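# Survey of secondary and tertiary structure
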Amino acid sequence: MQKSVRKLRLLPLLAGIYYMVAGGPQGLEDILGMAGYGRAILILVLLPFVWSLPTSLMIGELASSIPLEGGFYAWVRRALGPFWGFQEAWLSLAASIFDMAIYPTLFVEYISRIVPALGQGHWPLLLKLAVIACATLWNLRGAYAVGEGSVKMMFLGLSPFVALIIFALWHAARHQAPAFGGKPATYTLSGAILVAMWNYMGWDNASTIAGEVEQPQRNYPRAMLTAAFMTMATYTIPICVLWVAGLDPAGFTTGSWVDAGRFFGGPILAAAIAVAVSMDSLGNFTSLTMSYTRLPLAMAQDGLLPKPFARLNRHRVPWVAILFCATLWALALGLTFERLISVDLVLWGSSLLLEFAALVILRLREPHMIRPFKVPGGLVGAITLGLGPAVLIAFALWAARDEQAYGISAALFSVLIAAIGPLLYWVLARKRRNPDAPVVTSFTK
């Protein structure tokens, strides 16, 4: 008798989405350092309405209409065919190599703020490998375990920032009038926008576990919209408070939340923030591992990857895919991918455009498909929804022209990586028995 699998409810799904996108205000430091308080707040308030909200609405419709394991891969495959479905998965997995290197780096950056010795010698590499190992073991217990753990980590991780807000407001009150922090040393507005886009990306990642979500037609739209506004609040409120409290943004960079905690609340608050951000980075990595590893599972079930990638353990977890991805991410730790946000944005953004295309094409081809949640405005509304993200992705590609990646333009580097996708499809698709087979998943039987 097959063991029943406990599925993610609304709150664990919300926590999982939150960690796939944000996890807390860490990662915003460079926005302050590049743009200053006023511009940073303006970017963080306005960007969600042309970047996050349209994406959340699109995902709300597609995830509730096609709640299959593999998520966005299944949507694009259904709308555009197996070739584009494969490109969707390839772009996302390629972007993950750049994205997943960032979180172990943040873990080390913050934990070494309170124990400097951990930032020297072999300790950084060992700690990064430990993050990957913990995330792997956690994921092998199933999506339910990851989601429930994410709920606890979300509350614990945000607690020190709540304390920081209280201490900073008390500091501002003692000065009788708002101090208002100064200006950054130099303005780099395009860089600040790119960092903000990176901090607001990843909304579609939760769709890949649709087969493991309880009542996905009902819970996905609610979780997406709640997470969008929750993320904006946890980004903007701490920065607004620091601005009023008068903390100087000049030199604000990765790890500076610890300095802010020390300034307003002393060494105990600084240590609490360092530990919280380190744990949040682990939460980010764990939730994203849950998401990305369902792509090889769905592709193996479609015959586009070797069958072992579809093997499940007793928790109905694709353990081969998890171990393979974890090994790949571990091998990439020595590379300086944390500086190549634009490459990550261009690759992930290209996959996002395919999802918006799938939304429009499915409206045309399958107008009678059951849509528990539907983007308002009919076909025009569906088309208009993708315009803002498309402009921002084009901006990211334009901005990447001056950034260097291994001796060439980061924009060209991104294009070359994307171009590998069609070649891989040609090699792997030759072995397929039935290229038009429908997407199937053990979780939906």
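Here, the structure is the one placed above.
In this report, the structure presented in the accompanying data block is examined. (Residues numbered from 1 in each chain as written. Predicted model: local features only at pLDDT ≥ 70, side-chain atom pairs only at ≥ 80, totals over all residues. Heavy atoms only, no water.)

### Considerations on the overall build of the protein
Across its full length, the protein holds 18 helices and 2 strands. Computed over C-alpha atoms, the radius of gyration of the protein comes to 21 Å, within 12% of the 22 Å expected from 2.2 N^0.38 for 445 residues, which places it in the range of a compact globule. Taken across its 445 residues, the protein has 59% of its residues classed as buried. Of all intrachain contacts in the protein linking residues separated by at least 6 positions in sequence, the fraction that spans at least 24 positions is 83%. Split by element, the accessible area of the protein, about 18,100 Å² in all, is 68% carbon and sulfur. On the protein, the mean spot of the 32 positive side-chain charges and the mean spot of the 22 negative ones are 9 Å from each other. (Helix = DSSP H or I, 4+ residues; strand = E, 2+ residues; numbered from the N terminus. Rg over C-alpha atoms; globule rule 2.2 N^0.38 Å. Buried < 20%, exposed > 50% of the residue type's maximum accessible area, 1.4 Å probe, protein only. Contact = heavy atoms within 4.5 Å. Areas by Shrake-Rupley, 256 points an atom, 1.4 Å probe, with all protein chains shown as cover. Lys, Arg positive; Asp, Glu negative; His and termini not counted. Charge placed at Lys NZ, Arg CZ, Asp CG, Glu CD.)

### Examining the pattern of salt bridges
Going through the model one piece at a time under the given rule, you end up with 10 salt bridges. For Glu61, the salt bridge identified is with Arg363, shortest N-O distance 2.9 Å. With Glu61 in helix α3 (residues 52-65) and Arg363 in helix α15 (residues 341-365), this pair connects stretches of sequence that are 302 residues apart. Among the residues examined, Glu61 registers a relative accessible area of 1% and is labelled buried. By relative accessible area, which is 9% here, Arg363 ends up buried. (Salt bridge = Lys/Arg side-chain N within 4 Å of Asp/Glu carboxyl O.)

### Re the packing of aromatic side chains
All told, the structure shown has 16 aromatic pairs when counted by the stated rule. With a centroid separation of 5.1 Å and 80° between ring planes, the pair formed by Phe83 and Trp84 is classed as edge-to-face. The partly exposed category is assigned to Phe83, whose relative accessible area is 28%. Their ring planes at 90° and their centres at 6.0 Å tell us that Phe252 and Trp257 sit as a pair that is edge-to-face. Both residues of the pair, Phe252 and Trp257, belong to the buried class. Among the aromatic side chains, those forming a connected cluster through ring pairs are Phe83, Trp84, Phe86 and Tyr425. (Phe/Tyr/Trp six-rings, centres within 6.5 Å; stacked < 30°, edge-to-face > 60°.)

### What about the side chain of Asn205?
Along the chain, the position of Asn205 falls in the loop between α9 (189-199) and α10 (216-245). On the accessibility criterion, Asn205 (3% relative accessible area) is buried. In contact with Asn205, not counting residues within four places along its chain, are Met20, Phe72, Leu288, Ser291 and Tyr292.

### A few points about the state of the cysteines
The full count for this structure, using the stated rule, is 0 disulfides. Take Cys134: it sits in no disulfide, and the sulfur closest to it among the cysteines is that of Cys325, at 18 Å. Overall, the relative accessible area of 41% leaves Cys134 in the partly exposed class. (Disulfide = S-S within 2.5 Å.)

### Side note on a nonpolar patch on the surface
Together, Leu42, Val45, Leu46, Phe49, Val50 and Phe229 line one region of the surface with nonpolar side chains, adding up to about 540 Å² of accessible area. At 5 residues, the largest contribution of residues to the nonpolar patch is made by helix α2 (residues 29-50). Within the fold, Val45 resides in helix α2. Here Val45 falls in the partly exposed class, since its relative accessible area comes to 31%. (Patch = residues over 30% accessible without salt bridge, like charges linked within 9 Å, V, L, I, M, F, W, Y side chains within 5 Å.)

### Notes on helix α17 (residues 387-399)
With 13 residues, α17 extends 18 Å from end C-alpha to end C-alpha; this agrees with the ideal 18 Å at 1.5 Å per step. Inspection of α17 places Pro389, Leu392, Ile393, Ala396 and Ala399 among the buried residues, and these make up the whole buried set. Looking down the long axis of α17, one finds its buried residues gathered within 120° of arc, a one-sided arrangement. Here the buried face of α17 lies against α2, α3, α9, α15 and α16 (378-385). (Expected span 1.5 Å × (residues − 1). Arc of directions from axis to C-beta.)

### Observations regarding the nonpolar core
Grouped together as the largest cluster of nonpolar side chains are 149 residues, with contacts concentrated most on Ile17, Trp51, Met58, Tyr220 and Leu242. No other element matches the 13 residues that α15 contributes to this core. (Core = buried A, V, L, I, M, F, W, Y, C linked by side-chain atoms within 4.5 Å.)

### Here we look at the packing of helix α6 (residues 102-114) against helix α7 (residues 123-139)
The interhelical angle for the contact between α6 and α7, taken along N-to-C directions, is 125°, at an axis separation of 9 Å. When the interaxial angle is binned, α6 and α7 end up oblique. In this structure, α6 meets α7 at a crossing whose hand is right-handed. Facing Pro104, Thr105, Phe107, Val108 and Ile111 of α6, the residues of α7 in contact are Pro124, Leu127, Lys128 and Val131. Of the residues contributing to the contact of α6 with α7, the split by class is 7 nonpolar, 1 polar and 1 charged. (Axes fitted to C-alpha atoms, helices over the stretch in contact; angles between N-to-C directions. Parallel < 35°, antiparallel > 145°, perpendicular 65-115°, else oblique. Left-handed = near helix turned anticlockwise from the far one by under 90°. Nonpolar A, V, L, I, M, F, W, Y, C, P; charged D, E, K, R; others polar.)

### Section: the packing of helix α4 (residues 72-80) against α15
Contact geometry for α4 and α15: axes closest at 9 Å, N-to-C directions at 45°. Between α4 and α15, the crossing angle belongs to the class labelled oblique. Relative to α15, the crossing made by α4 is left-handed. For the pair α4 and α15, the contacting residues are Phe72, Trp75, Val76, Arg78, Ala79 and Leu80 in the first and Leu354, Glu355, Ala358, Ile361, Leu362 and Arg365 in the second. Tallied by class, the residues present in the contact of α4 with α15 amount to 9 nonpolar, no polar and 3 charged.

### Structural notes on the environment of Tyr19
Note on placement: Tyr19 falls in helix α1 (residues 10-21). Expressed as a C-alpha distance, the spacing of Tyr19 and Met153, which sit 134 residues apart in the sequence, is 9.5 Å. Not counting residues up to four positions away in its chain, the partners in contact with Tyr19 are Ser150, Met153, Met154, Asp280, Gly283, Asn284 and Ser287.

### Some words on α3
Residue pairs three or four apart in sequence face the same way in an α-helix, which turns once every 3.6 residues. Between its terminal C-alpha atoms α3 stretches 20 Å, which fits the 20 Å expected from 14 residues at 1.5 Å a residue. Most of α3 sits inside the fold, with 13 of its 14 residues counted as buried.

What is shown is where atoms sit, not what they do.
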